[in-house]
There are 4 protein chains.
Amino acid sequence: MKNSAILLVQCPDRKGLDATIAEFIYRHDGNIRHFEQHQAGEERYYLARVEWDLGGFRLDMKDFDAAFGPIAHRLGMNWCIALGNHRPRVAIFASKHDHCLVDLLYRQRSGELACDFPLIISNHPDAKRHADFYGLPFHVIPVTGENKPQAEAQQLELLAANNIGVVVLARYMQVLSSDFISQFPMPIINIHHSFLPAFVGAKPHQQAYDRGVKILGATAHYVTDVLDDGPIIEQGVVRISHKDSLEDLVEKGRDLEKIVLSRAVRWHIENRILLYANKTVIFE
Amino acid sequence: MKNSAILLVQCPDRKGLDATIAEFIYRHDGNIRHFEQHQAGEERYYLARVEWDLGGFRLDMKDFDAAFGPIAHRLGMNWCIALGNHRPRVAIFASKHDHCLVDLLYRQRSGELACDFPLIISNHPDAKRHADFYGLPFHVIPVTGENKPQAEAQQLELLAANNIGVVVLARYMQVLSSDFISQFPMPIINIHHSFLPAFVGAKPHQQAYDRGVKILGATAHYVTDVLDDGPIIEQGVVRISHKDSLEDLVEKGRDLEKIVLSRAVRWHIENRILLYANKTVIFE
Amino acid sequence: MKNSAILLVQCPDRKGLDATIAEFIYRHDGNIRHFEQHQAGEERYYLARVEWDLGGFRLDMKDFDAAFGPIAHRLGMNWCIALGNHRPRVAIFASKHDHCLVDLLYRQRSGELACDFPLIISNHPDAKRHADFYGLPFHVIPVTGENKPQAEAQQLELLAANNIGVVVLARYMQVLSSDFISQFPMPIINIHHSFLPAFVGAKPHQQAYDRGVKILGATAHYVTDVLDDGPIIEQGVVRISHKDSLEDLVEKGRDLEKIVLSRAVRWHIENRILLYANKTVIFE
Amino acid sequence: MKNSAILLVQCPDRKGLDATIAEFIYRHDGNIRHFEQHQAGEERYYLARVEWDLGGFRLDMKDFDAAFGPIAHRLGMNWCIALGNHRPRVAIFASKHDHCLVDLLYRQRSGELACDFPLIISNHPDAKRHADFYGLPFHVIPVTGENKPQAEAQQLELLAANNIGVVVLARYMQVLSSDFISQFPMPIINIHHSFLPAFVGAKPHQQAYDRGVKILGATAHYVTDVLDDGPIIEQGVVRISHKDSLEDLVEKGRDLEKIVLSRAVRWHIENRILLYANKTVIFE
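Report on the accompanying structure.

Cut-offs applied
- Residues numbered from 1 in each chain as written.
- Chains lettered and ligands numbered in written order.
- Predicted model: local features only at pLDDT ≥ 70, side-chain atom pairs only at ≥ 80, totals over all residues.
- Heavy atoms only, no water.
- Contact = heavy atoms within 4.5 Å.
- Buried area = accessible area lost by both parts, 1.4 Å probe.
- Salt bridge = Lys/Arg side-chain N within 4 Å of Asp/Glu carboxyl O.
- Polar contact = N/O pair within 3.5 Å; in protein donor to acceptor, adjacent residues only side chain to side chain.
- Helix = DSSP H or I, 4+ residues; strand = E, 2+ residues; numbered from the N terminus.
- Nonpolar A, V, L, I, M, F, W, Y, C, P; charged D, E, K, R; others polar.
- Least-squares fit on C-alpha atoms with pLDDT ≥ 70 in both.
- Pairing = 2+ DSSP bridges.
- Axes fitted to C-alpha atoms, helices over the stretch in contact; angles between N-to-C directions.
- Buried < 20%, exposed > 50% of the residue type's maximum accessible area, 1.4 Å probe, protein only.

1. Concerning the interface of chain B and chain A
At the junction of the two partners, chain B supplies 34 residues and chain A supplies 34 residues. Each partner contributes to the roughly 2900 Å² buried at the junction of chain B and chain A, and carbon and sulfur atoms together form 56% of this total. In terms of surface lost to chain A, no three residues of chain B exceed B:Arg211, B:Lys214 and B:His242, which account for 25% of the buried area on that side. Our count for the contact surface shared by chain B and chain A stands at six salt bridges. One salt bridge connects A:Asp229 with B:Arg211, and the closest N-O pair in it is separated by 4.0 Å. The tally of links between chain B and chain A comes to 18 residue pairs in polar contact (both at pLDDT 80 or more). A total of seven residues in the side of chain B that touches chain A trace back to one element, the largest contributor, which is strand β11 (residues 232-239) of chain B. Partitioned by chemical class, the residues of the side of chain B that touches chain A number 14 nonpolar, nine polar and eleven charged.

Here it is, written out as structure tokens:
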């Protein structure tokens, strides 16, 4: 919504990177609202996010690549540019547990998530009424052991047809195949209902219950083709006790999953995340 | 310090357990201050902690076993009795990282921990000045790959000679052998500097740093002969970010470890812990 | 839903209270699932919650008062009895900010809140579509400085006509008059969007922003005729920073308010709350 | 310890501020390690912290003011410069409750706080043994209603004689007079054992206990001549319940106070705090 531009940069550190970026924006009469730069690791890898007002900026953003590209190239920058008022097209994959789905839809409608949801896919019809309530397209694609390749092909077609920029797995209970992941070139965000890397895989609440942990977790992460192993975006926790049954864990987990997933989605669509060394850098 | 008795009971549930316990105490003119009973699992296993004033209680506690034992036996109770003013004799094992050790000593001195520390053992001499400050015996027993059996034999002798009832591993960096664990029949409490079961074993901070988690944990647990696998007593967490170096994790972890370990020790010495199904039940 | 009975007791402490209660239940073949008793204050005021299975209980609950009343009277107990499968009739009062309303409706539908919502009243029509979605009656009663007495009379009529047992103010932005409170004899639960007693009254988010606090709070409490002064049921917090605008506070507050209010409502309808000395005792 | 320079800047926003700062540092061959800039309020007030390596920086820091001053003046900047390896001289004021004092001394010794403690003042002799343990000067200055002006004069003399840059009130139970505050021109950091602005003034734990709050707080803030009203640096919370006595609150508060105060002191001595509009901006 905001009329701003966001520049994300990562590269081996060298002198003058901040000066070059700030000077470039100033030269075109941009007013920088946020400048955040840090260095990671022993090797001091350079990581930066810069956001500036486009009101008064005297460079047409269509020409940004041509103007900034050569400078960035000379300094070895790995960069991307985004517009604050661009609304990413997000697809939601859901299953029977609809709390994350309903939560995302409500947040988007109330203005908290500046994105569009042109596509909801579920392997169960149950959540359709929520999609209908918000006037959003809802596709039921059942997935079984046998039809998985065809189901994923159908999903990929819908993603392409709807020009989707990011997929959110909102407690989607199916594991995406490596094929799917390699064929969909855009980010996929998943919510896993445990404190990763504890309790990878199936039934994490049951695992947590059996282990007797005192704190329940949830983890939002980017999907890679190793299960539950992608870069972690956000995590949250809630205390549990011996009085909590497995059912109580499931209920306490729901609030956690909603908050952790929605925060991860928000940071992603607001261009606050850099990926570096299988980790995320979050510019909050 | 408190002139009270604490009864811990666990057994398969049946009708009349609470009535029998409460009636027994009332019959001897005891005044129950806390009665907490819950049931765990599908099978509704009975778990209870009852604390009553001994002022006015007309049964000599020396005779408690003889009086209550047959009743408990008839109902299939697994039980133990403790006195509120009994001060457990606790041995602390420490290494170079002395923050947990110093914290425990301070808390004990300030009255927060109602126990005695007749024995501190370390494989490094560094922390001796803290033991001296509090006037506590400090034994340096270096441990190497070669001398481990002898070192542990020496430790076991000291534990026996000092009539120790519980060992606290306060960031003791050595793994106790199965032999040691089987020869020391009393509980051993360890603090592991991760959110177990994530990051078992060596260098959990490094593991957490490499995995890019957003929350750092610490876990106090009873030691069994499977490494970092015993019943969890308490866990705590603190948020971290990409700005935190490995060194920052170590520092943030220190506060966590102090609080989590001291809470576990306190619950143990206040007889607030029941062990059930490789889990702890905490009567806070 | 559960076929259980819940007894809440408070009174000056004396010996034999636990024994009397447990023995009474056992005598009628009840199986106690949870027994929790504590004592508050210097004077050791007795506070207890006991829940037992009604399967096999050989006293018709219609006769409970007659059977237990005289015993309780003799011991000076202040008590109440509830049935686990009784679904309280809850009225929700809402305004424009509908996040708490929508959250409560979703939780009730998903089985987390074992109550019914036969009545929703709002001074704005906006949230009607959510009530419609869940098939619940929605009444718009605009409130102005002038019509307040008439509006409240209309509200009281609806409460009486619908046999309401508890009112939940789900970010209802009107202050209820003393008249209303004295004429409605049942509990009223409010969510105040600050950490009470900080930021009493209007615009607590603005007050928090102006004061520069580092943590944002929300408080669920029973309503008394002193504004924001009733017994606190639950509180929650979330960290904020100088980067957060007032708008960010409002958004961060929403998650907090939903969780804190729904937890308070749940504890209330599950008969987990005792009122004592203008405080709540929560049997979690 | 670090060979770096830290520049803190605040001023009305205008274009080119980041560019000017970054370019100035680059021109002298400085390598910026952290650049963090945000804008506060409706008016978008400019707030920045920049830290760069002095290794290779070709401007003698003695000449920094002369070189940067005119530039900053031209742009209306309110600024200050600090050296990363400068160890501030911190005085601690303590009373009987010595947990914060002992905690600060331990953290400093373990390298967590890069400052010196050339002066500890207490109105009670009790904590002297801790100062002795760390080899630090300890002055007992009793304060009564009558001798307060003389006591404060003595304190001010010691502060001046020891060239103190910041005073930390580590649960110092005396209120400093306006006179003292106006005569000591350097910052004073206090820890108040409540979640300000709740429970201002005396006995906040008692106030919290009486009000029945469910969460206990602690607040570190700069001292102004309005009691407990200065800019808040950091706050922390811990859950409490009806089971907690006043004594329990005091104990739970201790951990909170140690963590919150030490974090505030650390941020202060690491030049991570800007004061703006009676609030603090924390560059974590």
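2. Section: the relation of the copies chain B and chain D
Its rotation angle being 180°, the transformation that places chain B on chain D also includes 0.0 Å of axial translation and leaves an RMSD of 0.0 Å. Taken together, the turn and the small shift mark the pair as related by a two-fold rotation axis. Every residue of chain B has its C-alpha some distance from the rotation axis, and the shortest such distance is that of B:Phe133, at 3.7 Å.

3. Observations regarding the interface of chain B and chain D
Contact residues are listed per partner, giving 23 residues for chain B and 23 residues for chain D. When the buried surface of chain B facing chain D is broken down by residue, B:Tyr106, B:Phe133 and B:Glu251 rank first, second and third, together holding 30% of it. Linking chain B with chain D are ten salt bridges, by the criterion used here. If you list the elements that add at least two residues to the side of chain B that touches chain D, you get α3 (99-109), α4 (128-133) and α8 (246-269) of chain B. The biggest single contributor to the side of chain B that touches chain D is α8(B), with seven residues.

4. Observations concerning the sheet that holds strand β9 (residues 188-192) of chain C
Backbone-to-backbone hydrogen bonds pair the strands of a sheet. The strands run either parallel or antiparallel. Residues and elements named next belong to chain C. Taken in spatial order, the seven strands line up as β7-β6-β5-β8-β9-β10-β11 in an open sheet, and their pairing is mixed. Of all the strands in the sheet, just β7 (138-140) and β11 (232-239) have a single pairing partner and so form its edges. Adjacent strand axes in the sheet meet at a mean angle of 15° when their direction is disregarded. The sheet contact formed by strand β10 (residues 215-222) and β11 spans seven bridges and is antiparallel. What sits directly across from Ile215, in β11, is Arg239. Sheet strands in contact with helix α5 (residues 148-161) are β5 (89-94), β6 (116-122), β7 and β8 (166-170), and its direction is about 170° off that of β6.

5. Some remarks on the relation of the copies chain B and chain A
Note on the identical chains: chain B maps onto chain A by a rotation of 180° and an axial translation of 0.0 Å, with an RMSD of 0.0 Å. In this assembly, 100% of the residues forming the interface of chain B have copies in chain A that are likewise at the interface, indicating an isologous arrangement.

6. Points about helix α3 (residues 99-109) of chain C
Residues and elements named next belong to chain C. Most of α3 sits out of view: ten of its eleven residues are buried. Within the span of α3, buried status applies to His99, Cys100, Leu101, Val102, Asp103, Leu104, Leu105, Tyr106, Arg107 and Gln108. At the exit of α3 stands Gly111, carrying a positive phi of roughly 90°.

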